[in-house]
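# Understanding the architecture of this molecule
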Amino acid sequence: MTWRPTIAALAGLCLALSTATFPTGAAATPRETLSAGHVSAHAAVTAAGGALAGPPGAPPGVCPTGTGYGPPLPASSVSAAKIQSGFSFLEGPVWVADGGYLLMSDMAAGTGPYNVQPSTIRRFTPPATFDTFIANAGSNGLALSADAQQIIAATHDQRNVSAYRLSDRARSTVAADYQGRAFNSPNDVTVRSDGVVYFTDPNFQRGNRSDQMSGRTSVFRVSGGQVSLVDDRLRQPNGIALSPDGTALYVGAYSENKIYKYAVQPDGSTGARSVFVSYLGGPDGVTIDCAGNVYWASGSDALVHVYSPAGTQLGTIRSGTSGTTNVAFGGPDRQTLYITSGPRNDSGLYSVRLNIPGYPY
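Spatial ordering of the open sheet is given by 14-15-16-17, a layout of four strands whose pairing is antiparallel. Among the strands making up the open sheet, the edge pair consists of strand 14 (189-191) and strand 17 (226-234). When strand polarity is set aside, the average angle formed by the axes of neighbouring strands in this sheet is 15°.

Here it is, written out as structure tokens:
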């Protein structure tokens, strides 16, 4: 199971958000299709010819425009090579292009009266150097801020979303709570090119701390410093990612074995939800390449499952024998896929060269 000052770079095009509330006493709605009213408090303005164009999902400079791509994998079944193992439990890889290194969360077993898992951010500098980047980070999933100057971290130690400045490791808060209630244990995060943040909030790392979300595990959005509800009907939402054009948000519901897809409006709000794939294996962390192909890690079968933007499975990538948790593209040309995988206390980092560049987280 997977375990990312307010961002100053948010673009002025983001609209002011109203606050969503948890529905009470609502009738059950089929999970396969939910209307926008069930998953977001906002409706987007649309032009006569369709939805207005919004900011890209991919971080600035990652995906060149006007580029055509072929098949993403060199074969339908690919194996990744181990770089190093022996870590506690690796998660949330993110590539920092300016420094030429990869960051990862390394989570240990729960400690203290609340059984909270300590977490350290490790740094891997190719070809083979590992060191500690931030001790006691409390992090799980990681992503880059829109200006690439901060790591946005899903931090279960404080049950919030934090930012760590790369220059001096200073920590600040991106999302403290929702309507005054503590999150469960933020797990994974994705950042739109204009700085809008989306994150998942299962309860995997809540430990013995109180449930302030009334049993719900949810997806949230942060825009202009305000936290809004995207969806509170998912069972243990886990990995989360945006399409390169910014029109789709993907969320893996770990306890449902499904991956959902949400329409994203120009202001960052979400519309209708649909099932992207019905998935067997427990969808964990995720990344996306510049062609829009989706790479989803599965802990139960130690595979990364690769899907086209239409949801067709294109192949798999194997790393180790168990516990594949997350994925991120990196390297000078962003065509190396880094994979965190392995059993507890022998978790490792793997890599494989692919045909298409992709997201650094």
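Moving on, we get to the confidence of the model for the chain. Of the residues in the chain, 85% reach a pLDDT of 70 or more, and the chain-wide mean stands at 87. Considering only residues more than four positions removed or in separate chains, one finds that residues 1-51, a stretch of pLDDT under 50, has 137 contacts.

Right, let's talk about the environment of Ile317 for a bit. On the secondary structure map, Ile317 appears in strand 25 (residues 313-318). Among the residues examined, Ile317 registers a relative accessible area of 0% and is labelled buried. Between the alpha carbons of Ile317 and Ala80 there is a distance of 6.7 Å; along the sequence they are 237 residues apart. In this structure, Ile317 is in contact with Leu73, Val78, Ala80, Tyr295, Ala302, Leu303, Val304, Val306, Leu337, Ile339, Val352 and Leu354, ignoring residues within four places of it in sequence.

Scanning the model with the defined rule gives 15 aromatic pairs in all. When the centroid spacing of 4.8 Å and the interplanar angle of 35° are considered together, the rings of Phe124 and Phe130 count as tilted. With relative accessibility at 2%, the residue Phe124 sits in the buried group. These aromatic residues form a ring-pair network of at least three members: Phe87, Trp95, Phe124, Phe130 and Tyr338. Positioned above the aromatic ring of Phe89 is the side chain of Arg344, whose terminal nitrogen or guanidinium carbon lies 4.9 Å from the ring centre.

Reading guide: rules and limits
Residues numbered from 1 in each chain as written. Predicted model: local features only at pLDDT ≥ 70, side-chain atom pairs only at ≥ 80, totals over all residues. Heavy atoms only, no water. Pairing = 2+ DSSP bridges. Helix = DSSP H or I, 4+ residues; strand = E, 2+ residues; numbered from the N terminus. Axes fitted to C-alpha atoms, helices over the stretch in contact; angles between N-to-C directions. pLDDT = per-residue confidence, 0-100. Contact = heavy atoms within 4.5 Å. Buried < 20%, exposed > 50% of the residue type's maximum accessible area, 1.4 Å probe, protein only. Phe/Tyr/Trp six-rings, centres within 6.5 Å; stacked < 30°, edge-to-face > 60°. Lys NZ or Arg CZ within 6 Å of the ring centre and 35° of its normal.

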